[in-house]
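Residues per chain, in single letters:
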Amino acid sequence: MTVRHDGLAVEWLGYTTIRLAGDDTVVYMDPGRYGVLTGEWEPFEEGVGHPPARDYDARDGDIVCVSHVHHYDPDAIERVAAPDATVVAFEGIEGRARERDLRPLADLPYEVRQIGSADQLGVEGTDIWTTPAYNEPDGPHTRPDGTPYHPEGFGCGFLAVVDGTHCFWPGDTDVLPGHRTVETSLFCPPIGQRFTMDRHEAAGLAATIDPDLVVPVHYNTFSTLAADSRAFAADVASAGVPVALDEQ
C-alpha cells in the first residue's frame, strides 16, 4: 500500500523503514532490520500489521537517514540506496557499530554525513533537521531496573523537507518537550509501546502538533511491539487530525 500526501508517495515497509518519494527526491528512514526487506520476517500474528516486503531491492534512495545503531543495517542500506546516495547517520552509530560487529559507516560505498541530535544540514537541496530521541530514566519505557532502552545521546529523530513537504520521524523515543513545538505536514510516530512512546502518547502528540497527516510506524513487527493501530487511528481522528494506516 502507498499513501499519497502533498505530492509524496509514503510507504511503510515494516519496522521503521519509511520511504518518502517526491518528484525529484527519494528519502528512506531507518531501512531494514528483522528481515523486513528480505522477506525473512513474518508478522507475529496472521493479518496483523504491515505485510513484509519481499526481496526489496529498489536502490533508488537519494538520501538514507539512520537514527541510531539499533536501526543501522548496512545490507539494508545497500538495498535502498542509489549508487550516488548520501547516508545521513547519527554520530553515535560508528563506535557502537563496531561493538555490535556491524560494518563501519566508513566502509559503506556512499557519501556518509554524520550528524548530532540537534543539528541541521542540507543534502542536494533537501533540508534535514535532527531532534533528540531517548527514553526518560525511570520512565515508562525502561528496563526493569529503570535504565532506558535508549539513553539520552543514543540517537535522534529526523525532520526532512522532501520536495517541499515537512516529514517528521521522531525515532525511538518517549514524547519529549521539544516534540510539541515541531511543525510538520507528515508525522510518522512509533506506536509499538515498550521501547518508545505508546499509541496513547503518540496520539496525544499528534493532537498537539496538528500535522496534515499521521502515518504510524514501528509496531507489530514482533510481539513486544504489539499495538492496536485502529484504536490509535480512532484517537487521532477524534482530535480532528487525518490519519492513514499503511497496512493490510
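Predicted, not measured: the structure shown is a model, and the values here were computed from it.

Caption draft 1: Structural context of helix α3 (residues 199–209). Buried within α3 are the following residues: R199, A202, A203, L205, A206 and I209. Here the buried residues of α3 occupy an arc of 160° about the axis, which is enough to place them on one side. Looking at the buried residues of α3, the elements they touch are β12 (186–187), β13 (213–214) and α4 (229–238). Backbone nitrogen of H200 and a side-chain oxygen of the N-cap are separated by 3.0 Å at the start of α3; the cap is D198.

Caption draft 2: The packing of α3 against α4, seen in detail. Two elements in contact, α3 and α4, have axes separated by 9 Å at closest approach and are oriented at 25°. In terms of orientation, α3 lies roughly parallel with respect to α4. Classified by chirality, the crossing of α4 by α3 is right-handed. Contacts between α3 and α4 involve R199, H200, A202, A203 and A206 from the first element and A231, F232, D235 and V236 from the second. A per-class count over the contact of α3 with α4 returns six nonpolar, one polar and two charged.

Caption draft 3: Representation of the sheet that holds strand β9 (residues 126–133) in the model. Taking strand neighbours across the sheet as the criterion, the six strands line up as β8-β9-β10-β11-β12-β13 in an open arrangement whose pairing is mixed. Strands with a single pairing partner mark the edges of an open sheet, and in this sheet they are β8 (120–123) and β13. Summarising the sheet, strand β11 (residues 165–169) and β12 pair through two bridges and their orientation is parallel. Paired with F168 across the two strands is F187, which belongs to β12.

Caption draft 4: Geometry of the pairing of β11. With four of five residues buried, β11 lies mostly within the body of the structure. Hairpin connection between strand β10 (residues 155–162) and β11: a loop of two residues separates the two successive antiparallel strands, and D163 in this loop has a positive phi of roughly 50°.

Caption draft 5: Representation of the packing of aromatic side chains. Inspection of the entire model under this criterion finds seven aromatic pairs. Ring geometry for Y34 versus F222: centroids 5.0 Å apart, planes at 65°, classification edge-to-face. Taken as a pair, Y34 in the loop between β4 (26–29) and β5 (61–66) and F222 in the loop between β13 and α4 lie far apart in primary sequence, 188 residues in all. For the ring pair Y149 and F195, a centre distance of 4.8 Å and an interplane angle of 80° mean the geometry is edge-to-face. Of this pair, Y149 sits in the loop between β9 and β10 while F195 is found in the loop between β12 and α3, placing the two residues 46 residues apart along the sequence. Members of the aromatic cluster, joined through ring pairs, are Y15, Y34 and F222.

About the cut-offs
- Residues numbered from 1 in each chain as written.
- Predicted model: local features only at pLDDT ≥ 70, side-chain atom pairs only at ≥ 80, totals over all residues.
- Heavy atoms only, no water.
- Buried < 20%, exposed > 50% of the residue type's maximum accessible area, 1.4 Å probe, protein only.
- Helix = DSSP H or I, 4+ residues; strand = E, 2+ residues; numbered from the N terminus.
- Arc of directions from axis to C-beta.
- Contact = heavy atoms within 4.5 Å.
- Polar contact = N/O pair within 3.5 Å; in protein donor to acceptor, adjacent residues only side chain to side chain.
- Axes fitted to C-alpha atoms, helices over the stretch in contact; angles between N-to-C directions.
- Parallel < 35°, antiparallel > 145°, perpendicular 65-115°, else oblique.
- Left-handed = near helix turned anticlockwise from the far one by under 90°.
- Nonpolar A, V, L, I, M, F, W, Y, C, P; charged D, E, K, R; others polar.
- Pairing = 2+ DSSP bridges.
- Phe/Tyr/Trp six-rings, centres within 6.5 Å; stacked < 30°, edge-to-face > 60°.

As far as function goes, none of this settles anything; it's purely spatial.
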